[in-house]
Amino acid sequence: MKKTKAIVMSVGTITIVIILFLSTINTMSLTTTPLTNPSSPVTLCHISCNKTVWDPETQNWLKSVNTDIGETLRFKVSLTYYGTTGSLMNIKIVDILPSCLQYANNANPIQTDQNSRIIFWNLSNTLTSGQSLSIQFDALVISSGTHINTVNITGLENSFRLLSCEDTATIIVRESQ
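Residues numbered from 1 in each chain as written. Predicted model: local features only at pLDDT ≥ 70, side-chain atom pairs only at ≥ 80, totals over all residues. Heavy atoms only, no water.

Visitor: Which residues make up the nonpolar core, and what values do they have?
Guide: Leu-79, Ile-91, Ile-93, Leu-101 and Ile-153 are the most contacted members of the largest nonpolar core, which has 32 residues in total. Within the residue set of this core, elements represented by two or more residues are strand 4 (42–55), strand 7 (72–82), strand 8 (87–96), strand 9 (101–103), strand 11 (118–123), strand 13 (132–141), strand 14 (145–157) and strand 15 (161–173). (Core = buried A, V, L, I, M, F, W, Y, C linked by side-chain atoms within 4.5 Å. Buried < 20%, exposed > 50% of the residue type's maximum accessible area, 1.4 Å probe, protein only. Helix = DSSP H or I, 4+ residues; strand = E, 2+ residues; numbered from the N terminus.)

Right, here's the structure in full:
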């Protein structure tokens, strides 16, 4: 199964989106090794993201849901910033819907842009360490099978250090009867 990764970079008013089709995807965080003890890396800062889908049967946000064609699913993307100094800003969220889903709007906050199955948010929020934000949106189930919904998030710590994270949710769509 191919996975898709989107990388969002902004310089001034120019935003570049690079979409990669990979067999494996890694989560990245910034680490450094102190000069006094080179054998123990210390995480300076990172962002954590969580992609979930609402399950009406259990009334919970889950990593995987079983559903039927014609159902509307509610997705939630949460982001938390863990920094040592400063803040996270210029937050870009790219959600890549699998082929079984069609974007159905109802986003909170409203998306910045949409291109087919790729939804973009360019957020003006500024997060300090420990703060979180989340977005929610709807998608209509249009075909059966097991599919992965991927979100990629980037942000700039103190306006210059790029941080990123990625997460997925699984949608299992039952065959039509």
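Visitor: Hey, could you go over the state of the cysteines for me, with residue numbers and the actual values?
Guide: Among covalent bonds in proteins, the disulfide is the one between the sulfur atoms of two cysteines. Taken as a whole and judged by the stated rule, the model has one disulfide. Paired by a disulfide, Cys-49 and Cys-165 hold their sulfur atoms 2.5 Å apart. Here Cys-165 lies in strand 15 and Cys-49 lies in strand 4, a separation of 116 residues in the sequence. (Disulfide = S-S within 2.5 Å.)

Visitor: Pulling in residues and values, what's your account of the side chain of Thr-80?
Guide: Here Thr-80 shows up in strand 7. Within the structure, Thr-80 has its side chain in polar contact with the side chain of Ser-132 (distance 2.6 Å). For Thr-80, the residues in contact, after removing those within four places along its chain, are His-46, Ile-47, Ser-48, Gly-130, Gln-131 and Ser-132. (Polar contact = N/O pair within 3.5 Å; in protein donor to acceptor, adjacent residues only side chain to side chain. Contact = heavy atoms within 4.5 Å.)

Visitor: How would you summarise the side chain of Thr-67 if you had to cite specific residues and measurements?
Guide: As for its placement among the helices and strands, Thr-67 is situated in strand 6 (residues 64–67). The contact partners of Thr-67, leaving out residues within four places of it in the chain, are Leu-73, Val-141, Ile-171, Ile-172, Val-173 and Arg-174.

Visitor: Give me the environment of Thr-150: which residues, what numbers.
Guide: Counting through the fold element by element, Thr-150 comes out in strand 14. A relative accessible area of 4% means that Thr-150 is categorised as buried.

Visitor: Summarise the packing of aromatic side chains; cite the residues concerned and give the values.
Guide: Counted according to the given criterion, the structure contains four aromatic pairs. Taken together, a centroid distance of 5.2 Å and an interplanar angle of 65° make the contact between Trp-54 and Trp-61 edge-to-face. For Trp-54, a relative accessible area of 27% gives the class partly exposed. Joined through ring pairs, the aromatic side chains of Phe-75, Tyr-103, Trp-121 and Phe-137 make up one cluster. (Phe/Tyr/Trp six-rings, centres within 6.5 Å; stacked < 30°, edge-to-face > 60°.)

Visitor: So what's going on with the pairing of strand 11? Residues and values would help.
Guide: Along strand 11, five of the six residues are buried, which leaves the element largely enclosed by surrounding structure. As paired strands, strand 8 and strand 11 are joined by six bridges and run antiparallel to one another. Each residue of the ladder has a partner; that of Ile-93, found in strand 11, is Trp-121. Of the strand pairs in this sheet, strand 10 (residues 113–115) and strand 11 are connected by three bridges, and their pairing is antiparallel. By the bridge assignment for strand 11, Gln-114 is matched with Ile-119. (Pairing = 2+ DSSP bridges.)

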